[in-house]
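Read off the chains here:
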Amino acid sequence: MTDKELAVKIVELVGGKENIVSVRHCATRLRIIVSDKEKIQTKEVENLDKVKGSFFNSGQYQIILGTGLVNRIYDETVKITGGADAGESSEEKKEVVYGNKFQRAIRMFSDVFVPIIPVLVATGLFMGLRGLLTQDAVLGLFGMTPDDVPASLLTFTQILTDTAFSFLPALVCWSTFRNFGGSPVIGIVLGLMLVSSNLPSSYDVGSGAAEPLMFFGFIPVAGYQGSVLPAFVTGIITAKFEKWLRKHIPDAIDLIVTPFITLLVGIVLALFAIGPVLHYVENGVLFVVEKLLFLPMGIGGLIYGSFGQLLGIFGIHHILNFLEISMLAQDGWNYLNPIGTCGNVAQAGAVLAVAIKAASNKTKQVAYPSCLSALLGITEPAVFGVNLRFVKPFIMSMIGGGVGGFLASLFNLRATGMSITGIPGTLLYLNEQLPLYILVNVVSFAVAFVLTFMFGFNKKMEENQ
């Protein structure tokens, strides 16, 4: 089945083009909002070639396709439906609201932050490679020391590793405007204003190398390099303000007046009201999370390693993107990634045990590829296709993830980037941490595998399914 044929069948089985309100995608899943979810033929969708499973969550029908394929199917689906916001025209389209306010808020986080994750993943890999190239042990293989590395090469690597986080507010504002109906180009410019070279850098202010500008004698103002929350909230408010303006500004002067007023109001709010307050809120949230992760005797890692896997089931795992991005922007390290990775690898261990013990060929056909997928960081097939369906394997994976997270916390593991785990995640630990990273993941896998094999799965469970 070609990509186009698969997209056509998906559209048909979710109720047709007229039933689709909007189409989005994340790294692995096609996310469709429909007018009437009763029209979705779930079993038929899941039986399609290349579809690894599906579920309805937070108001979205999510079809698990896997990395790479999901991008191609999304492109084909958009061609069929006529756009990401598909179906009826904006005048005819009924407003469809699924889920409670909390679920909708989490979906909002997902829609804003998922599009910018790929560049942050690339940046994290650049950081890992830069760390590898500047290690004494690696340089020693070529008879070199860190002093022998040309300054121009180090500058080039800094361009690769620093740019995305230095201009992070521009990325966040762009994505926020795009999702809230504003003009993305205005969002980019507003975000760039937050990190203007005319403002003292937040990094310099934080290190004491520079002083913030004082406005009105009591408002300290500095750049928001590496900051997320101020740009996010500013983007939401300003995008909505722009939409309001376009309804009230005469068409003859809209092109000139609307961008002018939008940017003026946006930057004033950001620098003098929203930014100063939310910057402290952001730092407070990070402080609390890091305190939890660094609870003594590895308790924080045990808690997050065990129960962090539940976030994906309830569709609220994308809220962690904000925390990971903020951590990396603050000091260049991601403390959530190594613990979360243990949970993902534990899912692989549990699903492999199910694959070996299963009597049904269908279960084996789903479970074996799901193990490989989970080891590569994509856990949806393992979670929704096998472990959660039998329940006990998922519980055993929680235990395995907790044990690995406990060790990761004790070893103080920290990643140079985000959003890749398992085997690809080794690229975020190309330093003295690599042996420990491998160790904690082997332990997570082994604990989940052994517990599932011995206590978490049997043929009777399979027959009951």
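Here is what the cut-offs are and how they apply
Residues numbered from 1 in each chain as written. Predicted model: local features only at pLDDT ≥ 70, side-chain atom pairs only at ≥ 80, totals over all residues. Heavy atoms only, no water. Pairing = 2+ DSSP bridges. Helix = DSSP H or I, 4+ residues; strand = E, 2+ residues; numbered from the N terminus. Axes fitted to C-alpha atoms, helices over the stretch in contact; angles between N-to-C directions. Buried < 20%, exposed > 50% of the residue type's maximum accessible area, 1.4 Å probe, protein only. Parallel < 35°, antiparallel > 145°, perpendicular 65-115°, else oblique. Left-handed = near helix turned anticlockwise from the far one by under 90°. Nonpolar A, V, L, I, M, F, W, Y, C, P; charged D, E, K, R; others polar. Contact = heavy atoms within 4.5 Å.

**Considerations on the sheet that holds strand β4 (residues 60–64)**
Part 1: An order of β1-β2-β4-β3 is seen for the four strands of this open sheet, with the pairing classed as antiparallel. The open sheet is flanked by β1 (20–25) and β3 (53–57), the only strands paired with a single partner. Each strand axis lies, on average, 20° off the axis of its neighbour in the sheet, ignoring direction.

**As for the pairing of β3**
Part 1: Among the five residues of β3, four are classified as buried, and the element is accordingly described as predominantly covered.
Part 2: Here β3 pairs with β4 via five bridges, running antiparallel. Looking at the pairing, F56 lines up with Y61 of β4.

**Considerations on the pairing of β4**
Part 1: The buried fraction of β4 is high, at five of five residues.
Part 2: The two faces of β4 match: Q60, Q62 and I64 on one face and Y61 and I63 on the other face are all buried.
Part 3: Relative to β4, strand β2 (residues 29–34) runs antiparallel, the two sharing four bridges. Bridge pairing in β4 links R29 to I64.

**Topic: the packing of helix α11 (residues 229–248) against helix α12 (residues 251–293)**
Part 1: One can describe the packing of α11 onto α12 by two numbers: an axis separation of 8 Å at closest approach and a directional angle of 150°. Taken together, the axes of α11 and α12 lie roughly antiparallel to each other. Judged by the sense of rotation from one axis to the other, the crossing of α11 with α12 is right-handed.
Part 2: In terms of residue class, the contact of α11 with α12 is made up of 13 nonpolar, seven polar and four charged.

**Things to note about the packing of helix α5 (residues 117–133) against helix α7 (residues 151–166)**
Part 1: It is the contact of α5 with α7, at a shortest axis distance of 9 Å, that shows an interaxial angle of 150°. On the basis of their axis angle, the class for α5 and α7 is roughly antiparallel. Every pair of crossing elements has a handedness; the one defined by α5 and α7 is left-handed. Here α5 contributes L120, T123, F126, M127 and R130 to the contact with α7, which in turn contributes L154, T157, Q158, L160, T161, A164 and F165.
Part 2: Looking at the contact of α5 with α7 residue by residue, the classes come out as seven nonpolar, four polar and one charged.

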